[in-house]
Structures are given as structure tokens and as C-alpha cells.
Amino acid sequence: MKPIKEGKVREMYDNGDTLILVATDRISAFDVILKNKIVDKGAVLTRMSKFWFDLTKDIVPNHMISIDTKDMPKFFQSGEFNGNAMMCKKLEMLPIECIVRGYITGSGWKSYQENGTVCGIKLPEGLVESEKLPEAIYTPSTKAEIGDHDENISYEQSVEVLEKAYPGRGEELAKKIRDYTLKLYNTCADYALSKGIIIADTKFEFGLDENGEVVLADEMLTPDSSRFWPESEYVEGKSQPSFDKQFVRDYLKEHPDCDYNLPQDVIDKTIAKYKEAYELLTGEKF
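Quick notes on the rules
- Residues numbered from 1 in each chain as written.
- Predicted model: local features only at pLDDT ≥ 70, side-chain atom pairs only at ≥ 80, totals over all residues.
- Heavy atoms only, no water.
- Phe/Tyr/Trp six-rings, centres within 6.5 Å; stacked < 30°, edge-to-face > 60°.
- Buried < 20%, exposed > 50% of the residue type's maximum accessible area, 1.4 Å probe, protein only.
- Lys NZ or Arg CZ within 6 Å of the ring centre and 35° of its normal.
- Pairing = 2+ DSSP bridges.
- Helix = DSSP H or I, 4+ residues; strand = E, 2+ residues; numbered from the N terminus.

So, on to the packing of aromatic side chains. By the definition in use, this model includes 15 aromatic pairs. Taking 5.0 Å as the distance between ring centres and 90° as the angle between the ring planes, the aromatic pair formed by Phe75 and Phe76 counts as edge-to-face. Owing to a relative accessible area of 34%, Phe75 belongs among the partly exposed residues under this scheme. A relative accessible area of 0% places Phe76 in the buried class. The rings of Tyr13, Phe75, Phe76 and Phe81 are connected pair by pair, giving a single aromatic cluster. For the cation-ring pair, Arg178 lies above Tyr155, with the distance from its terminal atom to the ring centre recorded as 4.5 Å.

As C-alpha cells, this is what we get:
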């Protein structure tokens, strides 16, 4: 079988009435796919998404059917796909990335320093880097093609985008995905904090099923789509250590001539962080 769509990390296969999403062991940084693979990374991402989909299915329905390859065509019943493939419902994806920020960091911190706002939302004066916001904020963006950058938009603009795509339903859909995004974030951030992980920000994607109902899709609350910080090391006023590609980004910055080739110790440290996050959140040994 050949993928019908291929991203930097994920591949999508058509399985008739369903789709099969594969999270590969590829890793990207600064919009470049690196030459190395991070063995087990795809399985960590898939199993973590499954954990969150199961935990939140009473808040909003999701697209997951199974991550057991026995439920999939024979092509996926090889070691290559063990644990990193998810069979999903087919959806018509909404053209909005639903970003939610609970802490001020990254591009949000940069924007706040310049004009006191994040994605056009005015925030209280005197916040410091990595500080928890008084309440989580919803900052949607458009979806860009690979190689392009998503564009931050206001909630009102998200209504316009959805109205153009679904005449008569723009406001209803924009409100639904905003409210689901905030409910999912607040519920899961509270849970993660009880396990020693701060979820600083994340993104969700939604689609419509055959009945026009909103369904949660794609990946959910993984180190690839979120900023996870260890609560034990959290200190306001500076950037935080994280459970993601931090070692990869740091190495590439320090070795600009490495031609996107990683040494084994950076690979080992990176997958160790992904597995640590999985084990803390789920309580299961990977």
C-alpha cells in the first residue's frame, strides 16, 4: 500500500471506509526532516494519542477506531507498524488549527514583550516568561501547506473562514471547536499536572463526520503537538526544559554544519524524554 498523503512525520493510507494514520520515526526540526530516525518515537506518539482519546471521549467524540494492527490489512501486520498505526474514521477536516495557551512562552512571549498581546488578545501587564496565564486563551490559526507557515487569526476571523467553507454554520462551528478546545485543554492540563507535567500549550484539529457532527482528529497532546514541562523543574521568569525535541534543536543550533545529522547520544536522549513523558502520564511502562 502507498500513502495517499505524507507529512514530515505522518503518513495516511486509504483503507476503504476508514483511514490508517502512521506516525513514523522520522523527526523534523526547523521545518527540515532529519536524516536520522528516532526509533520508537512513532509508537510513543500513537499510544499517547490513544491514551488521551480514551480519557476524553465523553467530552467530544474522536476519530480513533483501533491501534491494534490485527484490525488492519495484512500490510500493517509487520514489525514496522507495531504500535505506530491508528485506524480512524474518515472525516472532512475543518480548515482551522485550534491552538490553546495556558502559559506565556515561545512566540506568545515574544509578541507580549513587543505589544502586550498574544495573537491580538490583550493580556495583563507585568507577566514574566513562562508564567501561567490567568486563564487559558484560544488562538486559532489557518492551516498551511507543508513548507508554509500557519497564520494566526482572531476568533472572529475563524468564524469567517468556516462560514466561507460551510455557509450558515460558520459561527456554530467556530464556537463549538473553541469551546471543545478549552474544555479539552483544561481537563487534560489538570490531569497532567497531577502526574508532574505542565502542558504549556497545545493544538487540536477537528473534522466533520458523515452526519456533520464535530469530531476530534489527528494526534492529541503529544510532545510533537504540545509543550510539556516537568513540574519539578518549573521556575517562572525563564524558558523551561521540556519533553520534546529540545535536544535536537539545541544540537542543530550549536552545530550548524552538521548537515542535519545527529549523533547517537542526542537520539538516545530525545527518545528517552518522549518515553518518560508517556510513562508519567499513563502510569504504564512503555
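That was the structure; now back to the text.
Below, the discussion takes up the sheet that holds strand β3 (residues 18-23). An order of β1-β2-β3-β7-β6 is seen for the 5 strands of this open sheet, with the pairing classed as antiparallel. The two strands at the open ends of the sheet, each matched to only one other strand, are β1 (5-6) and β6 (64-66). Sheet topology note: the strand β2 (residues 10-15)/β3 ladder contains 6 bridges and is antiparallel. By the bridge assignment, Met12 is partnered in β3 with Leu21.

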